[in-house]
Amino acid sequence: MADQRFDDYSVVRQTLQTITETWRSQPSLEQLAADLNMQPIQLQRVFTRWAGLTPKQFLQAITLDHARALLRESASVLDTSYEVGLSGPSRLHDLFVTHEAMTPGDYRRRGEGLLIQYGFHPCPFGYVLIMVTDKGLAGLAFADPGEEQTALDDMTRRWPAATFEENPDQTRPYLDRVFDPQTWSQDTPLRIVLIGTDFEVRVWETLLKIPLGRATTYADIATSLGKPTATRAVGTAVGKNPISFVVPCHRVLGAKGNLCGYHWGITRKRAILGWEAGLSGAVLDLESQSEFQF
């Protein structure tokens, strides 16, 4: 599964880049396929296999209008209590995550005495760097081909005193647990460990409350933490989230629904939101729209 979906993502990524640059000219499926030296039917099949949506549905799902709709539907998302297991894949802990945080003392030691094992694997969104401790998943970062060392350097700088050991056999079991919805089970929750300051951990814990197919804003997170003027600090903490995708920082949008920044690239953020829209069925009917609003 992982290898095929990784190959599919490379096609999706290139197509998204083309759309972002040329959306005003309304590129057709035939034009998008030609840019990739593919047949339209071939591109259609890749998109459908990758996202569970047709290319048209997928593009609709990642428009700015869709992002705004996610916010409209989620006005009270951080104030709502979700019952475990009652809403299928759209519940707040869609990966059925159980988490703990390292103590402030452990964090201040910058990982001293901590063994972090890591490995790179192909996944639906490019290469993924998975980092684990004896307590569970501690890091997850994305990289395009050739950028693996940059991603590793970025992650290891977070815990400079830790011991890092490459061990893909140890990290591989986490691959399907994270990216295959068939393995998301209440009975076997995914264990993660949050390594950060007290404020960062509180922000990351708040991100875990955002259900699949929904979104919130930096300002709403700040308000939910009782610090309504701390929007900038929240943004910094969201950007430092070490466990991408699982702790869904990609579901945080600007106040008007704009996608804003993403540590692993806006194109990948669009792709993840579109992929999740396929899982949750949260695709808008934009048939009447005259243009895609990126």
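Residues numbered from 1 in each chain as written. Predicted model: local features only at pLDDT ≥ 70, side-chain atom pairs only at ≥ 80, totals over all residues. Heavy atoms only, no water.

Caption draft 1: View of the packing of aromatic side chains. In the structure shown here, the tally under the stated rule is 9 aromatic pairs. Between the aromatic rings of Phe125 and Trp275, the centroid separation amounts to 5.5 Å while the plane-to-plane angle is 80°, which identifies the pairing as edge-to-face. Of the two residues, Phe125 is situated in the loop between strand S2 (115-123) and strand S3 (126-133) and Trp275 in helix H13 (residues 266-280); the sequence distance between them amounts to 150 residues. A relative accessible area of 0% places Phe125 in the buried class. The class for Trp275 is buried, based on a relative accessible area of 3%. Ring geometry for Phe142 versus Trp264: centroids 6.4 Å apart, planes at 85°, classification edge-to-face. (Phe/Tyr/Trp six-rings, centres within 6.5 Å; stacked < 30°, edge-to-face > 60°. Helix = DSSP H or I, 4+ residues; strand = E, 2+ residues; numbered from the N terminus. Buried < 20%, exposed > 50% of the residue type's maximum accessible area, 1.4 Å probe, protein only.)

Caption draft 2: Quick look at the environment of Gln57. Along the chain, Gln57 turns up in helix H4 (residues 55-61). Classification of Gln57 by relative accessible area gives partly exposed; the value is 34%. Sequence separation between Gln57 and Phe47 is 10 residues; the distance between their C-alpha atoms is 9.8 Å.

Caption draft 3: Looking closely at the side chain of His250. Among the secondary structure elements, His250 is positioned in the loop between helix H12 (231-239) and strand S8 (252-253). A polar contact of 2.9 Å, which involves the side chain of His250, links it to the side chain of Glu276. If we ignore the near neighbours within four places in the chain, the residues touching His250 are Phe245, Tyr262, Lys269, Ile272, Leu273 and Glu276. (Polar contact = N/O pair within 3.5 Å; in protein donor to acceptor, adjacent residues only side chain to side chain. Contact = heavy atoms within 4.5 Å.)

Caption draft 4: Spatial organisation of the pairing of S3. Of all 8 residues in S3, 7 are buried, a share of seventy percent or more. Summarising the sheet, S2 and S3 pair through 7 bridges and their orientation is antiparallel. Looking at the pairing, Pro122 lines up with Tyr127 of S3. Hairpin connection of S2 to S3: 2 residues between the antiparallel strands. Two elements, S3 and strand S4 (residues 136-143), share 7 bridges in a ladder whose sense is antiparallel. Looking across to S4, one finds that Ile130 is bridged to Leu140. (Pairing = 2+ DSSP bridges.)

Caption draft 5: Representation of the pattern of salt bridges. Within this structure, the stated rule accounts for 6 salt bridges. Between Asp154 and Arg157 there is a salt bridge, with its nearest N and O atoms 4.0 Å apart. A residue is classified by how much of its surface remains accessible, and Arg157, at 56% relative accessible area, is exposed. A salt bridge links Arg172 to Asp169; the shortest N-O distance between them is 2.9 Å. (Salt bridge = Lys/Arg side-chain N within 4 Å of Asp/Glu carboxyl O.)

Caption draft 6: Fine view of unusual backbone geometry. Phi at Asn37 takes a positive value of approximately 55°, unusual for a residue other than glycine. With respect to the helices and strands, Asn37 occurs in the loop between helix H2 (29-35) and helix H3 (40-51). The backbone of Phe245 shows a phi angle near 70°, a positive value even though the residue is not glycine. Examined against the element boundaries, Phe245 turns out to sit in the loop between H12 and S8. Overall, Phe245 belongs to the buried group, its relative accessible area being 2%.

Caption draft 7: Region of interest: H12. Those residues of H12 that fall on the buried side of the exposure criterion are Val234, Ala237 and Val238. Along the long axis of H12, the arc covered by the buried residues comes to 100°, so they all point the same way. Residues of H12 that are buried make contact with helix H10 (198-207), helix H11 (218-224) and S8. (Arc of directions from axis to C-beta.)

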